[in-house]
Amino acid sequence: MKYIKLFVAVLLLSSCASQGIKTTKYQAPQNVYFAGVSFTGDFKDNALNYPYSYDISKKKALDTIFVQKLKTLNNPSLNLLTSLGNTETADALAISLAIDLETASVSQVAASQYKLVADLYTQILVFDFNEKKVINSYPINLQYITLFNHKPDKKEISTIFEGFYTGENPEVKTNLFDLAIEKMNHIQIKPKYGNRLKVNRVEVSPEAEKILSSLKQPKDNFKTIIAQSFSRYMVDNQQVAMLPYTKGQTIGGKMAARFVNGDIYNLEIPSADYVFNIDILNFKTLIDDAQSKTTKTQGFFAYTNIEMLQPDLNKKYMDSKFRGTEHVVLLNGQQPALRESYLETLMNLFDGFSQNITETNDDWYEKTFHPSTFGQIKNEFKQIRTIINRCK
């Protein structure tokens, strides 16, 4: 495979100090059983959600690779047992590295240059092994971007994804299992948490769906990306437990988990105490090429509505519109990857959202809201801050 160069490698794993371990009082390490690598969703979803990863799992012993990596785990609050052994205890917790979704986008950026953007969306699932009930999840996203001097074929793309798992591709510097261990080094797993949070619903307006369709982005996959990305920033920036998103469910539901060793579990997703509903309203892009003969500035805008409510009381704590904005400088003739640009705009919006729960950032407010709504938004974030403290 001939690469021109590594364009950029972006690790979509925020603050590794998230879910920090409390050391003020000694607690015996929590026993957690390693249940293996798994794929979420039904078997029929393989070709759509993770065709490369699933094919790799049939050729590579992913459980064995991960178990070897887990020998480097360094978390004094966690006693990880790599053999299921006796799981009949009342608090038999298990952990799985679950593969949710992969995407591979190829776009032509110049006459003889093609950009490949490969994304892998996963999560560390913590569940009660006996009851098969999910307790917590820690999303981990990995992205790799590179340039080819030709349009890459499926074999070349598969080699990139294989590098995510095996670390054998020198072009792919970071692999998924190393990232999972880095995350696990800084989490504190408990049999129970405070009030539970969850992204309950993601909707896409007809206007936004039309744009996604033109970019060849499947709507259901997009919803999963949005829900998981929002959850990841909440986990990393607010140190709260988030239940995993499940498509097509209302408040509770089940998640199918198919393990690479052949086991299949239907994991129960308990009802959340507080939920977020996210509406993707529209996308826009504007170009300013008047300032230079050689470059142009392109702006990307993502319009959303975010709602937070308490389902059992039908009480809303937030219901407001947000505008994500990003700008890039391009050479004249250079074409941006619109799908990736809109996603990055949304990711930065969610990052800002989760950070502003703790402390107001005036610059973020200026570019995200109309000034007339500042007072309302600050009051809504104040309510969310109180709720977040109950969930830790």
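Quantities reported herein were computed from a predicted structural model and do not represent experimental measurements. (Residues numbered from 1 in each chain as written. Predicted model: local features only at pLDDT ≥ 70, side-chain atom pairs only at ≥ 80, totals over all residues. Heavy atoms only, no water.)

Caption draft 1: Region of the structure containing the overall build of the chain. Helix and strand content of the chain: 10 helices and 13 strands. Within the span of the chain, comprising 392 residues, buried residues form 53% of the whole. Looking at the chain alone, contacts between residues at least 24 apart form 75% of all its contacts between residues at least 6 apart. Working note: accessible area of the chain is about 17,800 Å², and carbon and sulfur atoms make up 49% of it. (Helix = DSSP H or I, 4+ residues; strand = E, 2+ residues; numbered from the N terminus. Buried < 20%, exposed > 50% of the residue type's maximum accessible area, 1.4 Å probe, protein only. Contact = heavy atoms within 4.5 Å. Areas by Shrake-Rupley, 256 points an atom, 1.4 Å probe, with all protein chains shown as cover.)

Caption draft 2: Structural view of the pairing of strand 13 (residues 315-331). The sheet contact formed by strand 12 (residues 295-310) and strand 13 spans 16 bridges and is antiparallel. In the sheet register, Gln310 faces strand 13, and the bridge partner there is Lys315. Between the antiparallel neighbours strand 12 and strand 13 lie four residues, among them Asn314 with a positive phi of about 50°. (Pairing = 2+ DSSP bridges.)

Caption draft 3: Representation of unusual backbone geometry in the model. One non-glycine residue with positive phi stands out, namely Lys132, at about 55°. Position of Lys132 among the secondary structure elements: in the loop between strand 5 (113-128) and strand 6 (133-148). In this structure, Gln239 takes a positive phi of about 55° despite not being glycine. By the element assignment, Gln239 lies in the loop between helix 7 (219-238) and strand 8 (242-243).

Caption draft 4: Spatial organisation of the environment of Lys321. By the element assignment, Lys321 lies in strand 13. In this structure Lys321 touches Leu281, Thr304, Asn305 and Phe369, once residues within four positions along its chain are discounted.

Caption draft 5: Structural detail: the nonpolar core. Core analysis: the biggest nonpolar cluster contains 93 residues, and Phe353 and Phe381 have the highest contact counts within it. For this core, the element with the highest residue contribution is helix 7, accounting for eight residues. With 19 residues, the next largest nonpolar core counts Leu125, Phe129, Leu267 and Val275 among its residues. (Core = buried A, V, L, I, M, F, W, Y, C linked by side-chain atoms within 4.5 Å.)

Caption draft 6: Main features of helix 5 (residues 176-184). Counting buried residues along helix 5, seven of its nine residues qualify, which places the element largely inside the surrounding structure. Along helix 5, the residues classified as buried are Leu176, Phe177, Leu179, Ala180, Ile181, Lys183 and Met184. Where helix 5 begins, one side-chain oxygen reaches toward the backbone nitrogen of Phe177, 3.0 Å away; that side chain belongs to Asn175. (Polar contact = N/O pair within 3.5 Å; in protein donor to acceptor, adjacent residues only side chain to side chain.)

Caption draft 7: Inspection of the pattern of salt bridges at higher detail. The final tally for this structure, using the stated rule, is 13 salt bridges. Between Glu131 and Lys133 there is a salt bridge, and its shortest N-O distance comes to 3.8 Å. Assessed through its relative accessible area of 27%, Lys133 is described here as partly exposed. Note that Lys316 and Asp319 form a salt bridge whose closest N and O atoms lie 3.1 Å from each other. In the salt-bridge network here, residues are joined through shared partners; they are Arg201, Asp279, Glu307, Lys316 and Asp319. (Salt bridge = Lys/Arg side-chain N within 4 Å of Asp/Glu carboxyl O.)

Caption draft 8: View of the pairing of strand 11 (residues 274-288). By the bridge criterion, seven bridges tie strand 7 (residues 197-204) to strand 11 in an arrangement that is parallel. Bridging across to strand 11, Leu197 finds its partner in Tyr274. Both strand 11 and strand 12 contribute to a ladder of 13 bridges, which runs antiparallel. Residue Leu286 lies in a different strand from strand 12, and its bridge partner there is Gly299.

Caption draft 9: View of the packing of helix 3 (residues 62-70) against helix 5. In contact at an axis separation of 10 Å, helix 3 and helix 5 are set at 45° when each is read in the N-to-C sense. As summarised for this structure, helix 3 and helix 5 are arranged oblique, according to the angle between their axes. Crossing geometry of helix 3 relative to helix 5 is assigned as right-handed. Note on element contacts: helix 5 touches helix 3 through Phe177, Asp178, Ala180, Ile181 and Met184, opposite Leu62, Ile65, Phe66, Lys69 and Leu70. Here the residues of the contact of helix 3 with helix 5 are counted per class, giving eight nonpolar, no polar and two charged. (Axes fitted to C-alpha atoms, helices over the stretch in contact; angles between N-to-C directions. Parallel < 35°, antiparallel > 145°, perpendicular 65-115°, else oblique. Left-handed = near helix turned anticlockwise from the far one by under 90°. Nonpolar A, V, L, I, M, F, W, Y, C, P; charged D, E, K, R; others polar.)

Caption draft 10: How the structure looks around the packing of aromatic side chains. Considering all chains together, one arrives at 29 aromatic pairs under this definition. Three or more aromatic residues joined by ring pairs make a cluster, and in this case those are Phe230, Phe276, Phe322, Phe350, Phe353, Trp364, Tyr365, Phe369, Phe374 and Phe381. Lying over the aromatic face of Tyr265, Lys132 brings its terminal NZ or CZ to 4.9 Å of the ring centre. (Phe/Tyr/Trp six-rings, centres within 6.5 Å; stacked < 30°, edge-to-face > 60°. Lys NZ or Arg CZ within 6 Å of the ring centre and 35° of its normal.)

Caption draft 11: Local environment of the environment of Gly324. Mapping Gly324 onto the fold places it in strand 13. Once residues within four sequence positions are removed from consideration, Gly324 is found in contact with Phe300, Phe301, Ala302, Thr345 and Leu349.

Caption draft 12: Seen up close, helix 3. Taken as a whole, helix 3 has its buried residues at Leu62, Asp63, Phe66 and Leu70. Down the axis of helix 3, the sector holding all buried residues measures 95°, keeping them to one side. (Arc of directions from axis to C-beta.)

Caption draft 13: Spatial organisation of the side chain of Asp279. Relative to the assigned elements, Asp279 resides in strand 11. Among the polar contacts listed, one links the side chain of Asp279 to the side chain of Arg201, at a separation of 3.1 Å. If near-sequence neighbours (up to four positions away) are discounted, Asp279 is found in contact with Arg201, Glu203, Tyr303, Thr304 and Asn305.

Caption draft 14: Region of the structure containing the confidence of the model for the chain. Confidence along the chain averages 86 in pLDDT terms, with 89% of residues attaining 70 or more. For residues 1-24, every residue scores under 50 in pLDDT, and the model assigns this stretch 77 contacts once sequence neighbours within four places are set aside. (pLDDT = per-residue confidence, 0-100.)

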